[in-house]
Amino acid sequence: MSKRIQAIAAILISFLFLSCTQIKGRKSIPVTAEWKYALGDNMNWAKSEYDDSNWIVVKNNSIDLGREHFVWLRAELDVPKEFMKDELWIGMEKFNAAAEFFVENSFVGSRGNLPPRELVRVEEYTDINLPLSAVVDGKIKVAVRIFCPSDRLINLKFTLDNGSEAMFQNVIHNQFGPRFFLILTFLCAFIMLYSFAVFIGNKSDRTYLYYAITMFFIVFYFFDIGSEFIFIPYNLNRSLSRACLPASISFMAIFLNRFFNRRGYKKMAIIAIVFTIIDFVAYIAVCGKEDAMNNLFNIMLLPVVVVIVYGFITSTSAIKRKESYAINIFLGFTVGAILALHDVIYMLIGKNPFMWTQSIAIFTLDIAVFITLSMRSANSQREFTILAEKTKEQKEQLTNVFNSARSMVIESTQISKELAESVNAVMQATQNSREKVDIINNAIHEQSSIHTQTADTVRELTESLGTMNEEFDRTAESIRTTADGTRSVMEGITNVNEGILTAENFTRSLNTLTTSGSNDMKKLFSVIESIQKASKEILSVITTINEFAAQTDLLAMNAAIEAAHTGEAGKGFSVIAHEIKNLASNSSSYASKIGDIVTAVIDDIEQSASLTEKVNQTFAQIQNGAGQSVEKVTAAAESIQVQMETGNAISHQAELMSQSASVMKENVSMQSRYSAQVLDNMNLLTKATVKVDQASSEISGDAQSLLQQVEALRTLAERTKETANSISQLMTTE
């Protein structure tokens, strides 16, 4: 029956499509005029006389808006003559904006609503009537005020239509556009609520849950296409609605996995949930970016194709296994694939069909699944009715069995009474044995406790002896440490004494060396003064020699002059020569004197160098003595520190010796107590052994009585077995 309904519905829809496309007299001519645009919003741009020469020409039927959402278009359209005898309409294809049309500064119509109550309906087809009175010389000026929530206005394609085409677009085409999808929205919402209700009634069957989630996403997707109202911002609403399509397909994959009981359910569920989250995050990230959203939409079609292929694989495998209802889902995927192929063909040839059937393909698949689930539910109801009838028959048979078994209850009651008496007797004997066993257990426990206490006492005694031995060792070690400390103190005192004597001797020698150094420094000062005086004499001698040299030069000059007057004048030359001789004699005398002075200066310098060497040696001795004095003092300080540490060690060792004496005293006292406790434990152990012997004798007597009661129970067990066999045979017979 369902197959016939599907076939009839397909024929009716096909016939309706064909009838709608055969309206006679339809004419539509693409607008080839050059459109110019300006970003912003200014109502003066609607005037026919406005100068738009500096506006930008629209290219590739799209405009980049950036952050500006208002844009104006202006163009002068050529009106064909055939439209002058009919009606003139301007039509537009689906694009992502609301628009108002103006002719000669007059509003003539709109597509959607502009702010403040904006409404952008991408899927709507709209034709606006243009007044023929505004046509001048076959041309008409049109201004379009556009509001686009996205960053890019796309698909700006306009046509000039006649009245028949306008009626087809505004009435018939829109009926199968937004309004048709609004009807599908309510149908899917009903199916979604029904599936949720079924899942709540039977939470073990999660196929209805996944199908309901699939329908939830489809409802949101169809509602965005068909509704005239939105409750959230346009860009966010469009991003979420586009994300719903791949999300619904991902949950459809989980549904198919559970419906056909295929493997990998958990992995597929995780993948579907993660994919859905990524899907929504990606669409929200590109919210308001038209090109990025369109590219993402095309990318997300790939998972849709994958799920469709998965549906064909699962349904085909189920058909091969002869599973029921698999053919319905296979037909749903087949019809959906054909409708999707219809859109692909039109996209390849670059034409717009009467209606894009991509969404109808998804709806067809969902309806096929719903019909399958409904048929399975109906069959389950029939199976439940048959099961109820069988249960009623079995109830009647069970009543007969109970009536037959009632007669055996009396016998079972009697057996139960006798069995209870025997059980009481056995319980009494068991209680007696238990009491005796408790006595033995207590005695054994006492023995174990005594043994444990004795072992602990011996162990503690051993530990006490070991502790005493350790304390003796520690005492001896303390004595040795004290002796070593005493020797260290004596050695330290000796080192301090030697350091003090050395410091005293160095102090005496340091005084002598200081006095000698002072005297040498005085002599050195005298020698330096003598050198200074000799240097002054040398200076005066050099001055005199210079004067002699000047006079000699003068005389030589005079001799030269006189030599020029040879003859009688020769006497004058001899006088000059005599003077030169005297000057030479004086020069020789002074030169000798300079030699003596220089010799004295050299001697003084040598004596000064000797005295300086002595001073250096003296100060070197002072330095060495000071170093030795520092070393001795440092050794004395270290010896004192060792004496202090040794004294502390002696004090500590004395304290340890006192503590060891106290510990040895306590250990002696403990040894005395442990010995007394061991003696008492041995006495208690003897008494416990006597109790165990008595309890063993009493248990031996009770064992005979318990054996008799067990024999009686065996007899009752045989009777009970016979009664049970009779009831079993009765149940089998019925």
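Described in the following lines is the structure provided in the data block. (Residues numbered from 1 in each chain as written. Predicted model: local features only at pLDDT ≥ 70, side-chain atom pairs only at ≥ 80, totals over all residues. Heavy atoms only, no water.)

## Some points on the nonpolar core
The nonpolar side chains of a soluble globular protein tend to be buried with one another. Membership of the largest hydrophobic core comes to 59 residues, with the highest contact counts inside it found for Y211, F222, I254, F255 and L256. Among the elements of the structure, helix 4 (178-201), helix 5 (207-226), helix 6 (234-259), helix 7 (265-285), helix 8 (290-320), helix 9 (326-349) and helix 10 (358-564) are those that each provide at least two residues to this core. Looking at this core element by element, the count peaks at 13 residues for helix 6. Setting aside residues up to four positions removed in sequence, F255 forms contacts with T207, Y210, Y211, I329, V369 and L373. Of all hydrophobic cores here, the second largest spans 33 residues; its members include W35, L65, L73 and A134. (Core = buried A, V, L, I, M, F, W, Y, C linked by side-chain atoms within 4.5 Å. Buried < 20%, exposed > 50% of the residue type's maximum accessible area, 1.4 Å probe, protein only. Helix = DSSP H or I, 4+ residues; strand = E, 2+ residues; numbered from the N terminus. Contact = heavy atoms within 4.5 Å.)

## Section: the sheet that holds strand 5 (residues 70-78)
Strand order in this open sheet of 6 strands is 3-2-5-10-7-8, and the pairing throughout is antiparallel. Strands with a single pairing partner mark the edges of an open sheet, and in this sheet they are strand 3 (56-57) and strand 8 (106-111). (Pairing = 2+ DSSP bridges.)

## Looking at the pattern of salt bridges
Across all of its chains, the model carries 8 salt bridges by this definition. Across the pair R145 and E100 runs a salt bridge whose closest N-O atoms are separated by 3.3 Å. With a gap of 45 residues between them, R145 in strand 10 (residues 139-147) and E100 in strand 7 (residues 98-103) connect regions that are remote in the sequence. On the accessibility criterion, E100 (18% relative accessible area) is buried. (Salt bridge = Lys/Arg side-chain N within 4 Å of Asp/Glu carboxyl O.)

## Notes on unusual backbone geometry
Residue P116 is bonded to the preceding P115 through a cis peptide linkage, with omega at 15°. Summarising the element assignment, P116 is placed in the loop between strand 8 and strand 9 (126-130). Even without being glycine, N61 reaches a positive phi, approximately 55°. Structurally, N61 is set in the loop between strand 3 and strand 4 (63-64). Of the residues examined, N61 reaches a relative accessible area of 33% and is grouped as partly exposed.

## What to know about helix 4
In this model helix 4 runs 35 Å from its N-terminal to its C-terminal C-alpha over 24 residues, within 8% of the 34 Å that 1.5 Å per residue would give. All of the buried residues in helix 4 are P178, F181, L184, T185, C188, A189, I191, M192, S195 and F199. (Expected span 1.5 Å × (residues − 1).)

## Some remarks on the environment of N42
Looking at where N42 falls in the secondary structure, it is placed in the loop between strand 2 (36-39) and strand 3. Between the C-alpha atom of N42 and that of V71, which follows or precedes it by 29 residues, the distance is 9.3 Å. From its side chain, N42 meets the backbone nitrogen of N44 in a polar contact 3.0 Å long. (Polar contact = N/O pair within 3.5 Å; in protein donor to acceptor, adjacent residues only side chain to side chain.)

## Overview of the packing of aromatic side chains
Evaluation of the coordinates by the stated rule reveals 21 aromatic pairs. Aromatic pair F102 and F107: ring centres 5.8 Å apart, planes at 65°, arrangement edge-to-face. Given the relative accessible area of 5%, F102 is considered buried. A relative accessible area of 46% places F107 in the partly exposed class. Ring centres 5.8 Å apart and planes at 40° place the aromatic pair F217 and F280 in the tilted group. Residue F217 is located in helix 5, and its partner F280 is located in helix 7; the two are separated by 63 residues in the primary sequence. Taken as a pair, F217 and F280 share a single burial class, namely buried. (Phe/Tyr/Trp six-rings, centres within 6.5 Å; stacked < 30°, edge-to-face > 60°.)

## Focus: helix 6
In this model helix 6 runs 37 Å from its N-terminal to its C-terminal C-alpha over 26 residues, within 8% of the 38 Å that 1.5 Å per residue would give. The largest bend along helix 6 measures about 25° and falls at C244, with the proline P246 one to four residues further on. Most of helix 6 sits out of view: 24 of its 26 residues are buried. Positive backbone phi, approximately 55°, marks N261, located one or two places after helix 6. (Bend = angle between axes of the 7 residues up to and from the residue.)

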